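# Observations on the model geometry
Okay, here's what each chain looks like letter by letter:
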Amino acid sequence: MTQTITVIRGDGIGPEIMDATLFILDKLGAGLQYEEADAGVVALEKHGDLMPQVTLDSIARNKVVLKSPLTTPVGGGFTSINVSLRRHFDLYANVRPVVSFPNTKSRYENIDMITVRENTEGAYISEGQEVSADGETAVSITRVTRKGSERVVRYAFELAKANGRKKVTAVHKANIIKSTSGLFLKVAREVAAEYPEIEFQEMIVDNACMQLVMRPEQFDVVVTTNLFGDILSDLCAGLVGGLGLAPGANIGKDAAIFEAVHGTAPDIAGQGKANPCALLLAAVQMLEHIGQQANAERLRKAIIATMEAKDSLTGDLGGTGSTMDFAKAIASRL
Ligand code: ATP
């Protein structure tokens, strides 16, 4: 059976890494059909809108999106496209797996963990941001809800269950931020009680940072609020060699968007130098999300085998291959 997904080719290196990724997905025989939709600078030029209604309609129809990085023009009062998409489709869970890959500049070899970040509330609600008239005092509102906490913690446990993972760690600061972080932790404990087969651990965020750097292999699934998740997920990407290998998913009830964590890399755009792996690993997440576990595993193994053989790696990984050379090397190992 074929499934149609919305494909957003994006800006900068976006089209190059998308070409490479779709080439590999076709070789994989995942039975996907692509509905291309514009967003970002390309859409602004063509439709006069960074996120045109036709693109939103395509996402609403297909519910699954593979998206390359987008540029939000600086100035002109544009809201970040990624933030707009999260709000529009209520994409409440930001899911970022990190795995140690062979032959990367990483300090560790045994990391295999997923951070699940609450994506819609917490410190990022952009409400009540005020600076006093004398410029001496600034305030902002942090809002955490039972509903928001429950759905993201439940997502983390369901993800753990579906992937045979053993432990969920809730990261918080409830000892100091008793209201918001306290509510998140309370709800996390309640949800955890429904999953006795999965170990539940609580960890204060400062300790979590130290533990991540000292003994990252102890973590399996980490779930946390918006601000802590934003910071921890980049820290985790750094543990396995940086953003070039970091995929992410934004999951909601009615849509899911899979993307590379890195940006549009304007410095290397159009030169065939970009590493397609982050978007490709996002495609692995997407295949898992749509129930194609076997294909996801085949693709992941082919990526690892290609890196192990140092075959046609791109410059950021120490090789001399082009984006498409790397893609072909991966495809040949499927
Ligand atoms: P943006 O404004 O879109 O975030 P940026 O240049 O500020 O763009 P990134 O796009 O994340 O941020 O790039 C940071 C650095 O990492 C750049 O030097 C870029 O060339 C490099 N980089 C990012 N993605 C890749 C990739 N897929 N392959 C190789 N290098 C990459």
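All values derive from a computational prediction rather than experimental measurement. (Residues numbered from 1 in each chain as written. Predicted model: local features only at pLDDT ≥ 70, side-chain atom pairs only at ≥ 80, totals over all residues. Heavy atoms only, no water.)

Another point: helix α1 (residues 14-28). Here α1 spans 21 Å end to end across 15 residues, near enough to the 21 Å set by a 1.5 Å rise per residue. Listing the buried residues of α1 in full gives Gly14, Glu16, Ile17, Met18, Ala20, Thr21, Leu22, Ile24, Leu25 and Leu28. The inward-facing, buried residues of α1 abut β1 (3-8), β2 (32-36), β3 (64-67), α9 (277-289), α10 (293-308) and α11 (323-331). Downstream of α1 by a residue or two, glycine 29 has a phi angle that is positive, lying close to 70 degrees. (Helix = DSSP H or I, 4+ residues; strand = E, 2+ residues; numbered from the N terminus. Expected span 1.5 Å × (residues − 1). Buried < 20%, exposed > 50% of the residue type's maximum accessible area, 1.4 Å probe, protein only. Contact = heavy atoms within 4.5 Å.)

Attention now moves to the pattern of salt bridges. Summed over the entire model, instances satisfying the criterion amount to 21 salt bridges. Lysine 173 is the partner of aspartate 206 in a salt bridge, and the nearest nitrogen-oxygen pair spans 3.1 Å. With aspartate 206 in helix α7 (residues 205-214) and lysine 173 in the loop between β8 (167-172) and α6 (180-192), the pair connects residues that are 33 residues apart, well separated along the chain. A residue is classified by how much of its surface remains accessible, and aspartate 206, at 45% relative accessible area, is partly exposed. Connected through shared salt-bridge partners, Arg9, Asp19 and Glu36 make up one network. (Salt bridge = Lys/Arg side-chain N within 4 Å of Asp/Glu carboxyl O.)

The environment of the ligand is made up of Ile13, His262, Gly263, Thr264, Ala265, Pro266, Asp267, Ile268, Ala274, Asn275 and Asp316. A distance of 2.9 Å is found between an oxygen atom of the ligand and a side-chain nitrogen or oxygen belonging to aspartate 267. Here the ligand loses 58% of its free accessible area of 610 Å² to cover by the protein chains. Of the residues contributing to the shell around the ligand, the split by class is five nonpolar, four polar and two charged. (Near = heavy atom within 4 Å. Polar contact = N/O pair within 3.5 Å; in protein donor to acceptor, adjacent residues only side chain to side chain. Areas by Shrake-Rupley, 256 points an atom, 1.4 Å probe, with all protein chains shown as cover. Nonpolar A, V, L, I, M, F, W, Y, C, P; charged D, E, K, R; others polar.)

Let us now look at the packing of aromatic side chains. Each aromatic ring pair is specified by the distance between its two centres and by the angle formed by the two planes. Per the counting criterion, the structure on display carries three aromatic pairs. Between phenylalanine 157 and phenylalanine 200 the ring centres are 6.2 Å apart and the planes differ by 40 degrees, which places this aromatic pair in the tilted class. Of this pair, phenylalanine 157 sits in helix α5 (residues 146-162) while phenylalanine 200 sits in strand β9 (residues 199-204), placing them 43 residues apart in sequence. Note on phenylalanine 157: relative accessible area 0%, which makes it buried. Residue classification places phenylalanine 200 among the partly exposed residues on the basis of a relative accessible area of 24%. Among the aromatic residues, those joined into a ring-pair cluster are Phe157, Tyr195 and Phe200. (Phe/Tyr/Trp six-rings, centres within 6.5 Å; stacked < 30°, edge-to-face > 60°.)

Before going further, it helps to spend a moment on the UniProt feature "domain: Isopropylmalate dehydrogenase-like" (unreviewed entry) in the protein chain. In this numbering, the UniProt entry assigns the feature "domain: Isopropylmalate dehydrogenase-like" (unreviewed entry) to residues 4-330. Taken as a whole, residues 4-330 contains 40% helix and 18% strand, while its terminal C-alpha atoms sit 24 Å from one another. (UniProt positions renumbered as here; feature names shortened; annotations may be inferred.)

Looking now at the nonpolar core. Leu25, Leu66, Val116, Leu299 and Ile303 are the most contacted members of the largest nonpolar core, which totals 68 residues. Residue contributions to this core peak at 10 residues, all from α9. Both of domain 1 (1-99 + 240-334) and domain 2 (122-222 + 234-239) provide at least three residues apiece to this core. If we skip the residues at most four places from it in the chain, leucine 25 touches Ala30, Leu32, Tyr34, Leu66, Ala283, Met286, Leu287 and Leu299. Grouped together as the second largest cluster of nonpolar side chains are 16 residues, Tyr108, Val222, Leu232 and Cys236 included. (Core = buried A, V, L, I, M, F, W, Y, C linked by side-chain atoms within 4.5 Å. Domains from an automatic or database assignment.)

Here we come to the pairing of strand β11 (residues 247-251). The two faces of a sheet get side chains in turn, since along a regular strand they alternate between them. Taken across its five residues, β11 has five buried, putting it largely inside the fold. A two-sided burial pattern is seen for β11, the buried positions comprising Pro247, Ala249 and Ile251 on one face and Gly248 and Asn250 on the other. As paired strands, strand β4 (residues 93-99) and β11 are joined by three bridges and run antiparallel to one another. Looking across to β11, one finds that alanine 93 is bridged to isoleucine 251. Pairing of β11 with strand β12 (residues 256-260) involves five bridges; the strand directions are antiparallel. By the bridge assignment for β12, proline 247 is matched with alanine 260. (Pairing = 2+ DSSP bridges.)

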